[in-house]
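Breakdown of the fold
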Amino acid sequence: MKLIKNAQVYSPTPLGKKDVLIAGNKIIAIENDLSECINNIVEVIDGTGKILTPGFVDSLVHITGGGGEGGYATRTPEMQVNDAFIGGVTTVIGALGTDAETRSLENLLAKTYGLEEQGLSAYCYTGSYHFPMISITESIKRDIMLIEKFIGVGEVAIADHRSSQMTVAEMARVASEARVAGMLSGKKGIVLIHVGDEKARLSKLTRVVEQSDIPISQFYPTHINRNKSLLDAGFDFAKQGGNLDFTTSTTEQIIEQGEIPAAKALAMALAKGIKIAQLTMSSDGNASLPIFDEQGQLIELQVGQVSSLHQSMVDAVKDFQVPLELALSAISSSPAGILKLKNKGQIGVGFDADLTLLDSDSLAIHTVIAKGQLVMKNEKTLVNSPFS
Ligand code: ZN
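All of these numbers come straight from a predicted model, not from anything done at the bench.

By secondary structure assignment, the location of T206 is in helix α5 (residues 203-211). Residues within four places of T206 in sequence aside, it is in contact with F237 and Q240.

Relative to the assigned elements, L34 resides in the loop between β3 (26-31) and β4 (43-46). On a C-alpha basis, the gap between L34 and F85 in space is 27 Å, while along the polypeptide they are 51 residues apart. Each residue touching L34, except ones within four places of it in the same chain, is listed here: L3, K5, D19, V20, L21 and A29.

Once that is clear, we can look at the pattern of salt bridges. All chains considered together, the criterion is met by 12 salt bridges. The closest approach of N and O atoms between K149 and E116, which form a salt bridge, is 2.6 Å. Note that K149 is positioned in the loop between α3 (140-146) and β9 (150-158) and E116 in helix α2 (residues 105-117), a separation of 33 residues in sequence. By relative accessible area, K149 is classed as buried at 10%. Linking K344 and D354 is a salt bridge whose minimum nitrogen-to-oxygen distance equals 2.7 Å. Note that K344 is positioned in the loop between α11 (333-338) and β16 (355-359) and D354 in the loop between α11 and β16, a separation of 10 residues in sequence. Where salt bridges share partners, they join K26, K344, D352 and D354 into one cluster.

Time to look at the sheet that holds strand β7 (residues 89-94). Reading across from one edge, β6-β7-β8-β9-β10-β11 is the order of the six strands in this open sheet, with parallel pairing throughout. Two strands close off the open sheet at either side, each with one partner strand: β6 (56-61) and β11 (219-222). Direction aside, neighbouring strands of the sheet carry axes that sit 30° apart on average. Note that β7 and strand β8 (residues 121-126) share four bridges and pair parallel.

Moving on: the domain arrangement of the protein chain. Interface size is commonly expressed as the accessible surface area that is lost when the partners come together. As far as domains go, the protein chain holds domain 1 (2-53 + 346-381) and domain 2 (55-338). Inter-centroid distance (C-alpha atoms) of domain 1 to domain 2 is 29 Å. Taken together, the 22 residues of domain 1 in the interface contact 24 residues of domain 2. For the domain 1 and domain 2 pair, buried surface summed over both sides reaches about 1700 Å², with 66% attributable to carbon and sulfur atoms. The three residues of domain 1 that bury the most area against domain 2 are P12, L363 and K371, which together make up 30% of that side's buried surface. E116 is the partner of K371 in a salt bridge, and the nearest nitrogen-oxygen pair spans 2.5 Å.

What follows covers the side chain of T64. Looking at the secondary structure, you find T64 in the loop between β6 and α1 (81-85). A relative accessible area of 2% places T64 in the buried class. In this view, T64 contacts T76, E78, L96, R103, N107, L108 and K111; residues no more than four positions away in its chain are not counted.

In this section: the packing of helix α6 (residues 228-239) against helix α8 (residues 262-271). Direction vectors running N to C along α6 and α8 enclose 35°, while the axes themselves pass 11 Å from each other. For the pair α6 and α8, the sense of crossing is right-handed. Taking contact as the criterion, the partners of K228, L231 and F235 in α6 are, on α8, A265, M268 and A269. The residue makeup of the contact of α6 with α8, split by class, is five nonpolar, no polar and one charged.

We now examine the pairing of strand β10 (residues 190-195). In terms of burial, β10 is a largely internal element, six of the six residues being buried. Both faces of β10 are covered, namely the face carrying I190, L192 and H194 and the face carrying V191, I193 and V195. Two strands pair when backbone bridges link them, and β9 and β10 are joined in this way by five bridges, in the parallel orientation. Each bridged residue has a counterpart across the sheet, and for I158 the counterpart in β10 is V195. Taken together, β9, helix α4 (residues 168-185) and β10 constitute a β-α-β crossover, and its handedness is right-handed. The pairing of β10 with β11 spans four bridges and is classified as parallel.

Parameters and conventions
Residues numbered from 1 in each chain as written. Predicted model: local features only at pLDDT ≥ 70, side-chain atom pairs only at ≥ 80, totals over all residues. Heavy atoms only, no water. Helix = DSSP H or I, 4+ residues; strand = E, 2+ residues; numbered from the N terminus. Contact = heavy atoms within 4.5 Å. Salt bridge = Lys/Arg side-chain N within 4 Å of Asp/Glu carboxyl O. Buried < 20%, exposed > 50% of the residue type's maximum accessible area, 1.4 Å probe, protein only. Pairing = 2+ DSSP bridges. Axes fitted to C-alpha atoms, helices over the stretch in contact; angles between N-to-C directions. Domains from an automatic or database assignment. Buried area = accessible area lost by both parts, 1.4 Å probe. Left-handed = near helix turned anticlockwise from the far one by under 90°. Nonpolar A, V, L, I, M, F, W, Y, C, P; charged D, E, K, R; others polar. Right-handed = clockwise from strand over helix to strand, strands pointing away.

Encoded structure:
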């Protein structure tokens, strides 16, 4: 058992100074003072001067690596479990990307199981950028229904030269298969959509919604902050009830070319009156971030970092005056709600003991607890690689 004492608790709703008691991998009590529970089997963690938040939920990470669009040498490496923990992330959802030929769903699923063994909560999406959809059981419906870790399908690419140029009817069929599989298995069956630079923007999704009874919330479009016109299209999509995800991994050059930092996009969306439950940030961790010279030649590749999720939350608070509880919601309760992840993304009795302690002033990550286990303490990770 663990008792976190005297922390300012953001569930992400601010609850004030509380004691939080953990038994095994669950939160079992939240009270003003739980000192009477202290005995020799309870480990006490002092939260004085700290903020206790839900462990962060990162709804898009290329956990088996991504990239490759600059040739084989540009395939990015796998995520390591401590890449998540140092960023306060305790839940990840893994996806393939552009390359579903040399990378496989079987590999993605094995990596998901491996991360789970190492203490992270991990899920994944079946399918990839491309249509027809790849799957393990030869059906995305069967994958979602029969394989526990698959919570939906994605990233399905639209408005991108790397996409399969799906028709509206094909998109509707994918969404309905994912939806029915979700209904039958108690999952969301979400359709995570990679949105590219093309001017069609989100129109494929709105046309599916117009032409069918598939609710707009079945879709979860990401990279909405990649340029101003897509962001504006996203705001219209959200006004119809759609969810929006902003990507936190970026470079100065990408920002100079017109991408809106995720923290700023979040502030803009809130100013438009869009509900926080519809707004999330994800890292796109381990995606490739190419840097080009003035002639358009690739000169350097960077790799997206899961830790950019926490940094963007801090930026939203410090640079764009987003209230802390809303900035935290965008990386905890909102993605957990959109993806229908049970017992994730909130601090509450009966919820999983996934917790992050932040410094009250700097919001730096001090301690991380995942499924009840200390995985980072005093800014040092505690999970060793099996190869060290
Ligand atoms: Zn993408």
